[in-house]
Amino acid sequence: RPVERPSGGAARRRARAIMTSSWDDLRATLASLADAFGNQAVEELEAEGDVGSSAARALSDAIAGEPRGSGRRAAEVAWARLQDGVGWTTPAWRECYVLGQLREATEAGEDAAAAASAEKGTEGDDGEGTRGALLRRAMLAVDMAHIMGGPGEIVQRFGRAIEAIIREDRTGSEITGDVALIPDVLPPRAAVTIDPEHALERAEGITAKEFKRNYFNADKSVCLGNLGGSWPALAKWRDLRWLAREHGHRNVPLEVGAYDDAANWKEEVMLLSSFVDEYLIPGLRKELAGEDEGRSRRIAYLAQHQLFEQLPGLLSDFDPPAVCDVAGGVKRVNAWIGTAGTVTPCHFDSYDNLLGQVAGYKFVRLYSEDDSPFLYRHQGAWAENRSWPGDEDRANGDGDGGDGDGGGAGEGNRVAMGKPRRDAQGNISRVDVERPDLERFPLFAKATHMDVVLGPGEFIYIPARCWHYVRALTTSVSLNFLF
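The structure reproduced in this document is the subject of the present report. (Residues numbered from 1 in each chain as written. Predicted model: local features only at pLDDT ≥ 70, side-chain atom pairs only at ≥ 80, totals over all residues. Heavy atoms only, no water.)

**Re empty space enclosed by the protein**
Evaluation of the coordinates by the stated rule reveals 4 cavities of 30 Å³ or more. Lining the largest cavity are 14 residues, and of these Trp336, Thr344, His347, Asn353 and His468 sit closest to its centre. Classifying every residue of the lining of the largest cavity by side-chain character gives 6 nonpolar, 6 polar and 2 charged. (1 Å grid on protein atoms, 1.4 Å probe; cavity = no way out; pocket = protein on both sides within 12 Å on 5 of 7 lines; lining within 4 Å. Points joined across faces, edges and corners; volume = space filled by probe spheres on them. Nonpolar A, V, L, I, M, F, W, Y, C, P; charged D, E, K, R; others polar.)

**A word on the pairing of strand 2 (residues 251-256)**
Counting buried residues in strand 2 gives 5 out of 6 residues, a clear majority hidden from the surface. Looking at chain direction, strand 2 and strand 4 (residues 300-305) are connected through 2 bridges and run antiparallel. Residue pairing in the sheet places Glu255 in a bridge with Tyr301 of strand 4. (Buried < 20%, exposed > 50% of the residue type's maximum accessible area, 1.4 Å probe, protein only. Helix = DSSP H or I, 4+ residues; strand = E, 2+ residues; numbered from the N terminus. Pairing = 2+ DSSP bridges.)

**Structural notes on the side chain of Asn480**
With respect to the helices and strands, Asn480 occurs in strand 15 (residues 476-482). In terms of polar contacts, Asn480 uses its side chain to reach the side chain of Trp336, at 2.9 Å. At a separation of 3.3 Å, a polar atom in the side chain of Asn480 contacts the side chain of Asn353. Here Asn480 is in contact with Arg332, Val333, Asn334, Trp336, Asn353, Leu354 and Leu355, once residues within four sequence places are set aside. (Polar contact = N/O pair within 3.5 Å; in protein donor to acceptor, adjacent residues only side chain to side chain. Contact = heavy atoms within 4.5 Å.)

**Let's talk about helix 7 (residues 208-216)**
When helix 7 is considered as a whole, its buried residues turn out to be Phe211, Tyr215 and Phe216. Mapping the buried residues of helix 7 onto a view down its axis gives an arc of 75°, with all of them on the same face. Lining the buried residues of helix 7 we find strand 1 (222-225) and strand 13 (459-462). (Arc of directions from axis to C-beta.)

**Side note on the packing of helix 4 (residues 91-114) against helix 6 (residues 152-170)**
Look at helix 4 against helix 6: their axes get within 10 Å of each other, and the N-to-C directions meet at 20°. Here helix 4 lies roughly parallel to helix 6, going by the angle between them. In the packing of helix 4 onto helix 6, the handedness of the crossing is left-handed. When helix 4 is examined against helix 6, the residues Leu102, Ala105, Thr106, Gly109 and Ala113 are found in contact with a partner set consisting of Val155, Phe158, Ile162 and Ile165. (Axes fitted to C-alpha atoms, helices over the stretch in contact; angles between N-to-C directions. Parallel < 35°, antiparallel > 145°, perpendicular 65-115°, else oblique. Left-handed = near helix turned anticlockwise from the far one by under 90°.)

**With respect to the packing of helix 3 (residues 70-83) against helix 4**
Where helix 3 contacts helix 4, the two axes come as close as 7 Å, and the packing angle between them is 145°. Regarding helix 3 and helix 4, the two cross each other, and that crossing is left-handed. Counting all contacts with helix 3, which are made through Gly71, Arg72, Ala74, Ala75, Val77, Ala78, Trp79 and Arg81, the residues of helix 4 involved are Trp93, Cys96, Tyr97, Gly100, Gln101, Arg103 and Glu104.

**Let's talk about the side chain of Asp352**
You can see Asp352 is positioned in the loop between strand 6 (343-347) and strand 7 (353-359). Looking at Asp352, its side chain comes within polar contact range of the main-chain nitrogen of Ala464, at 3.3 Å. Non-local contacts of Asp352, meaning those with residues more than four positions away in its chain, are made with Phe216, Tyr461, Ile462, Pro463, Ala464, Phe481, Leu482 and Phe483.

**A look at the sheet that holds strand 7**
The 9 strands lie next to each other as 1-13-7-15-5-4-2-3-10, forming an open sheet whose pairing is antiparallel. On the outer flanks of this sheet lie strand 1 and strand 10 (415-416), each paired with one strand and no other. Strands in contact with helix 10 (residues 272-288) are strand 2, strand 3 (266-271), strand 4 and strand 5 (332-338); relative to strand 3, the strand with the most contacts, it is inclined by about 115°.

Structure representation (structure tokens):
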């Protein structure tokens, strides 16, 4: 039932007084960031000569807050540097970008709070300068600061101020749309047959001490069963409408396109509500209808993202499993949300990893570190691995990510991130482990795999340097804990 908006002007005057205090606090935060590293970043950029002088001037203006719009300009200059093939060669460039976006968020948010069109939220077709457009600008600036490496706790302060206005504007609005629940039963069409000889060992209900002795100390992967079965997240996060309703105004980084389609794969930032409406719900409907989309499936993946620094309210929906404490506790938590058909290629990591499902199902194939000689480790950068090695002619495709101009401002809250620049650090296999080409990779026949299908609440332990490949069988929400 819609919630009634409080009547009278007293509540709105109190809210405005609170928001005035919030903007003062945020300006004070920006001043403290300038003292902490911003002023030094200006000096470092100036020392880079002509290439850094324009960024230094823009950052200096953004720190001073004059002229208005200087924050956006600083972010644009730093963004252009990131996209020009050189990248951010020193931390000062990232600091220029983050400080610029936080100044932009403060200015746009304060203007939105003062705007007369109080009935507009972040939706609608209202033009530039109206409350809704200003809120979208402010929220995107906050989220881009987070995505591009801004300090989580500090960026959250700016996010809370913008969200307070957004949620105030949405009070009393009616929620529409069909229920969209990710099924908690694996559809037969999506099922994977696992050879019992290659089924990953299961050890459900063991203590942390047993886990450490039998698996952690031995660097042995294992399925630990339903560690997350009692989490509120299992019921809440499978509801895609809830996800869009509560957090759809936030912007998230996505990998768009099939992993092995190098020409069309790209990185993009979009509203979480657009991700849900354009990818997750259409894909889910086709799953429920039993349609086999094959290569025509539209794939998008929020992959390995620190979503809980961006949306800390979600932290109350789950607890880190106790087995993570055997190595000093959790160091980082990532979210993985995507359509069916997302793929993480066979690779290894340098940290111990607990991977678990919140909603939907994933197939995981693992190889021990001892199998490394048979897995044809790739030495190139991630950008060179967008199609399976063996398709080298396509692996160097240009893609269509674009140049991503506008300092990450994007068009309609879409930001093209350009070609990926992550370095794989030689940790990816050149083999498509579900469809290996043994003529090209004959030694792969000697590798021994273990398989498992993860369902809601289930977790597996993946030791450091253990090779693993992951494919989503359905629309999926996963977490992994690094420890």
